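Each chain, written out:
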Amino acid sequence: MESFQIVLPSPALALYIRHYWLLETDSIARSTERIIPCGNIQMLFYRGNPVSLSSRQDTRRLDSQSVLCGQFVGFSDLSYTGNIKILAVVFHTYAANAFFRIPVSEFCDRKVTAGEAGDRDLLELEDRLLYETEDRNCMGFSQEDESEKPEAAWENPVLVIVRGIKYNESYKMLTGGICMGSYLNPGNEAFAVALNSEIYVDKTGLLTYTNKVMNTLQGYICNSRPRRFGKSITANMLTAYYSKGCSSKEMFSGLEISRAKDFEKHLNQYDVIHFDVQWCMMDAGNADQVVEYINHGILQELKEKYGELIPDTVKTAYGAMSYIKAASGNKFVVIIDEWDVLIRDEAQNHKVQEKYIDFLRGMFKGSEPSKYIALAYLTGILPIKKLKTQSALNNFEEFTMLDAGRMAPYVGFTEEEVHDLCDRYGQIYEQVKLWYDGYSLEGYQVYNPKAVVSLMLNGKYKSYWSNTGSYEAIVPLINMNFDGLRAAIIEMMSGAAVDVDVTSFQNDTVSFANRDDVLTYLIHLGYLAYDQDREQVFIPNEEIRHELNNAVKRNKWNEMITFQKESADLLDATLDMDEKAVADG
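Residues numbered from 1 in each chain as written. Predicted model: local features only at pLDDT ≥ 70, side-chain atom pairs only at ≥ 80, totals over all residues. Heavy atoms only, no water.

## Re the pattern of salt bridges
Line of reasoning, step 1. Per the counting criterion, the structure on display carries 15 salt bridges.
Line of reasoning, step 2. Note that arginine 344 and glutamate 338 form a salt bridge whose closest N and O atoms lie 3.0 Å from each other.
Line of reasoning, step 3. Exposure remark for arginine 344: the relative accessible area of 11% places this residue in the buried category.
Line of reasoning, step 4. Measuring nitrogen to oxygen at the nearest pair gives 3.2 Å for the salt bridge that ties lysine 433 to glutamate 415. Here lysine 433 is found in helix α18 (residues 429-436), whereas its partner glutamate 415 is found in helix α17 (residues 415-425), with 18 residues between them in sequence.
Line of reasoning, step 5. Overall, lysine 433 belongs to the partly exposed group, its relative accessible area being 31%.
Line of reasoning, step 6. Taken together, the shared-partner salt bridges connect Glu338, Asp340 and Arg344 into one network. (Salt bridge = Lys/Arg side-chain N within 4 Å of Asp/Glu carboxyl O. Buried < 20%, exposed > 50% of the residue type's maximum accessible area, 1.4 Å probe, protein only. Helix = DSSP H or I, 4+ residues; strand = E, 2+ residues; numbered from the N terminus.)

Structure representation (structure tokens):
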């Protein structure tokens, strides 16, 4: 009898593992199964009679109980006779190095046994499989069987891998003694994706500043910037650098931060809590459950790692963090991506917003959080919401599109960085500047990173905002019935700058009181730029001008149609040398 099954990983391991396959047979006749190349690295565990694994590169009989199969171009044939039970773990291409101590490149087009790899922990795991007498302990892998207690998996390594029970000895062994979670101590794979991209501009200099403010009153940072300006990449970079859940020295070597004197002082030294509120809101099912979902997820992972330090009566993640610091001395780095999504997308849901703000206050505000927070980094589009006249979290230092402060060179691409990309990809710098520059922050001319990268890779000068819902974002705002709003938009589209008072904006999407509040929100969204010295707002570049022009044309503003017609008539009169018409115009 023969059976073959494919099993998907648990959510906790889905970032690293693509799927598992299990082959069981007790056939007397010799059988062969063809393994089609999938571009992924696979780890095979098997029990029973020896097998042979052949390909164009080599044919060999495998006596080891485990083998790592590198990425192959051609197929492989697995031949066996008699009682065989094989479990294969298929890793994502970028994730295998999180589990093994040898570079992935060293076994490309090769099959490497645990002995050849020289990995002591892998050999120990192989021995535990060899001497495990219960087949179910090695091959039982039902992810749906809730009656099976996690404790039963402590001594069956394969079951541990398949079910994704993260915090036990076998999983620690596979990850080099490191435990990685969804919230607590994530790995560095997300940042690796950015580094592996064709274009990566080094922004690790930001870590010099965060290292400087670590464990100080300035270590509470809210860095808001528009979509497409690299918010998530920065959050992933901070996680990769500080998290105990990975080893990132090699990853950061050669980057700007590696030249800092204190490069290794903070490297992978902290318990990091990192979550994306946008993702949590989707996974929670509805906005009303988001805060409970986040709190429960963090609390569970804290209990899995520090359970003996957390009393059963503790019901909040920040309560657990306080107990952990008091008992162990460990402090936390907290990184929240898309922190403001509930403020923006649930603008009318005051109950949810109050619950969320209270959660953030519990985690960050007051004397107790100052004991367990080493660094807090929030990133989103909006600054922190105001309650009456001050921030709801007034212990945070805010860096925004109105006042970027020390964060200015890390908000987007600088002129020097764009010059380098133009040289590399053969683009004319002046034309790139006309289309994608215009954000002036603390003396830096800042470019839209996503647009610049898209231009370099595609070679086309156009608006790359189309995938960010520009029309839906702009039209409701510019159609608000505030005196002078339409006139200001039209004036800016003609190339002028307009005076603006940015102080009354409440940092939400419902409390608009005048045209200046709308213009201020458009600055945070990236559709307008702000001159801090002159206190004026303007359209930064041709890309944004196209987006605003399209929004206005589709909405059929009479004022804009008249303005465009008058402009065309004036141009015609000028070309016809009609002095009277030009003077009247």
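## Section: the confidence of the model for the protein
Low pLDDT marks stretches whose predicted atomic positions should not be read closely.
Line of reasoning, step 1. On average, residues of the protein score 79 in pLDDT, and 71% of them reach the 70 mark or higher.
Line of reasoning, step 2. Low pLDDT, under 50, characterises residues 131-180; the stretch is placed with 118 contacts to residues that sit more than four places away or in other chains. (pLDDT = per-residue confidence, 0-100. Contact = heavy atoms within 4.5 Å.)

## Here we look at the sheet that holds strand β12 (residues 271-276)
Line of reasoning, step 1. Ordered in space as β12-β13-β14-β11-β17, the 5 strands form an open sheet in which the pairing is parallel. What marks the edges here is a single partner per strand, and that holds for β12 and β17 (397-399). Looking at each pair of strands side by side, their axes are set apart by 10° on average, direction ignored.
Line of reasoning, step 2. Where strand β11 (residues 220-224) and strand β14 (residues 373-380) come together, 5 bridges link them in parallel fashion. Residue pairing in the sheet places isoleucine 221 in a bridge with tyrosine 377 of β14.
Line of reasoning, step 3. Across the sheet, helix α10 (residues 277-284) lies against β12 and β13 (332-337), angled at about 65° from β12, the strand it touches most.
Line of reasoning, step 4. Here helix α11 (residues 290-306) sits on the sheet in contact with β12 and β13, set at roughly 155° to β12. (Pairing = 2+ DSSP bridges. Axes fitted to C-alpha atoms, helices over the stretch in contact; angles between N-to-C directions.)

## What about the pairing of strand β9 (residues 84-91)?
Line of reasoning, step 1. Across the 8 residues of β9, 8 count as buried, placing the element largely inside the fold.
Line of reasoning, step 2. In this sheet, β9 lies alongside strand β2 (residues 17-25) in antiparallel orientation, the contact comprising 8 bridges. Looking across to β9, one finds that histidine 19 is bridged to valine 90.

## So, a negative patch on the surface
Line of reasoning, step 1. A surface patch of like charges, here negative, comprises Glu491, Asp499, Asp501 and Glu535.
Line of reasoning, step 2. Tracing the chain through its elements places aspartate 501 in the loop between β20 (498-499) and α22 (515-525). (Patch = residues over 30% accessible without salt bridge, like charges linked within 9 Å, V, L, I, M, F, W, Y side chains within 5 Å. Areas by Shrake-Rupley, 256 points an atom, 1.4 Å probe, with all protein chains shown as cover. Lys, Arg positive; Asp, Glu negative; His and termini not counted. Charge placed at Lys NZ, Arg CZ, Asp CG, Glu CD.)

## Remarks on the packing of helix α12 (residues 317-328) against helix α14 (residues 350-364)
Line of reasoning, step 1. Look at α12 against α14: their axes get within 8 Å of each other, and the N-to-C directions meet at 5°. Taken together, the axes of α12 and α14 are roughly parallel relative to one another. Note on element contacts: α14 touches α12 through Phe359, Gly362 and Met363, opposite Ala317, Tyr318 and Met321.
Line of reasoning, step 2. Class assignment for the residues of the contact of α12 with α14 results in 5 nonpolar, 1 polar and no charged. (Parallel < 35°, antiparallel > 145°, perpendicular 65-115°, else oblique. Nonpolar A, V, L, I, M, F, W, Y, C, P; charged D, E, K, R; others polar.)

## Describing the packing of aromatic side chains
Line of reasoning, step 1. Considering all chains together, one arrives at 20 aromatic pairs under this definition.
Line of reasoning, step 2. With centroids separated by 6.4 Å and ring planes inclined at 40°, the aromatic side chains of tyrosine 436 and tyrosine 464 adopt a geometry described as tilted. Within this pair, whereas tyrosine 436 is found in helix α18, its partner tyrosine 464 is found in the loop between α19 (449-458) and α20 (470-478), the two being separated by 28 residues in sequence.
Line of reasoning, step 3. An aromatic cluster of at least three residues, connected via ring pairs, comprises Phe191, Tyr200, Tyr241, Tyr242, Phe252, Phe263 and Tyr270. (Phe/Tyr/Trp six-rings, centres within 6.5 Å; stacked < 30°, edge-to-face > 60°.)

## Thoughts on unusual backbone geometry
Line of reasoning, step 1. Phi at asparagine 215 is positive, roughly 60°, even though this residue is not glycine.
Line of reasoning, step 2. In this structure, asparagine 268 is a non-glycine residue whose phi angle is positive, near 55°.
Line of reasoning, step 3. By the secondary structure assignment, asparagine 268 is in the loop between α9 (249-252) and β12.

## Details of the nonpolar core
Line of reasoning, step 1. In this structure, Ile336 and Phe364 are the most contacted members of the largest nonpolar core, which totals 88 residues.
Line of reasoning, step 2. Residue contacts for phenylalanine 364: discarding those within four places in its chain leaves Tyr220, Val334, Ile336, Pro369, Ile373, Ala376, Leu378, Asn395 and Phe396.
Line of reasoning, step 3. Counting 31 residues, the second-largest nonpolar core is a separate cluster that includes Ile257, Tyr270, Val333 and Met407. (Core = buried A, V, L, I, M, F, W, Y, C linked by side-chain atoms within 4.5 Å.)

## A closer look at the environment of phenylalanine 45
Line of reasoning, step 1. Considering the arrangement of structural elements, one finds phenylalanine 45 in strand β4 (residues 42-48).
Line of reasoning, step 2. Linking phenylalanine 45 and valine 89, residues 44 residues apart in sequence, is a C-alpha distance of 8.4 Å.

## Quick word on the sheet that holds β20
Line of reasoning, step 1. Across the sheet, 3 strands lie side by side as β20-β22-β21; this open sheet has antiparallel pairing. Each having just a single partner strand, β20 and β21 (529-531) make up the two edges of the open sheet.
Line of reasoning, step 2. By the bridge criterion, 2 bridges tie β20 to strand β22 (residues 536-538) in an arrangement that is antiparallel. In the strand pairing of β22, aspartate 499 is matched with glutamine 536.

## Some remarks on the environment of glycine 438
Line of reasoning, step 1. Among the structural elements, glycine 438 can be located in the loop between α18 and β18 (439-441).
Line of reasoning, step 2. As a C-alpha pair, glycine 438 and leucine 528 span 90 residues in sequence and 9.2 Å in three-dimensional space.
Line of reasoning, step 3. For glycine 438, the contacting residues outside a window of four places in its chain are Gln445, Val446, Ala529, Phe538 and Pro540.

## Overview of helix α7 (residues 206-213)
Line of reasoning, step 1. The buried fraction of α7 amounts to 6 of the 8 residues, a majority that puts the element mostly inside the structure.
Line of reasoning, step 2. Looking at the packing, one finds that the buried side of α7 touches β11, α8 (231-242), α9, β14, β17 and α16 (408-411).
Line of reasoning, step 3. Asparagine 215 sits one or two residues past α7 and shows a positive phi near 60°.

## Focus: the side chain of threonine 239
Line of reasoning, step 1. Residue position: threonine 239 is located in helix α8.
Line of reasoning, step 2. With residues up to four places along the chain from it excluded, the contact list for threonine 239 reads Pro186, Gly187, Val272, His274 and Ile335.

## Re helix α6 (residues 189-196)
Line of reasoning, step 1. Every buried residue belonging to α6 is among Glu189, Phe191, Ala192 and Ala194, and all of these are buried.
Line of reasoning, step 2. Close packing links the buried residues of α6 with α8 and α9.

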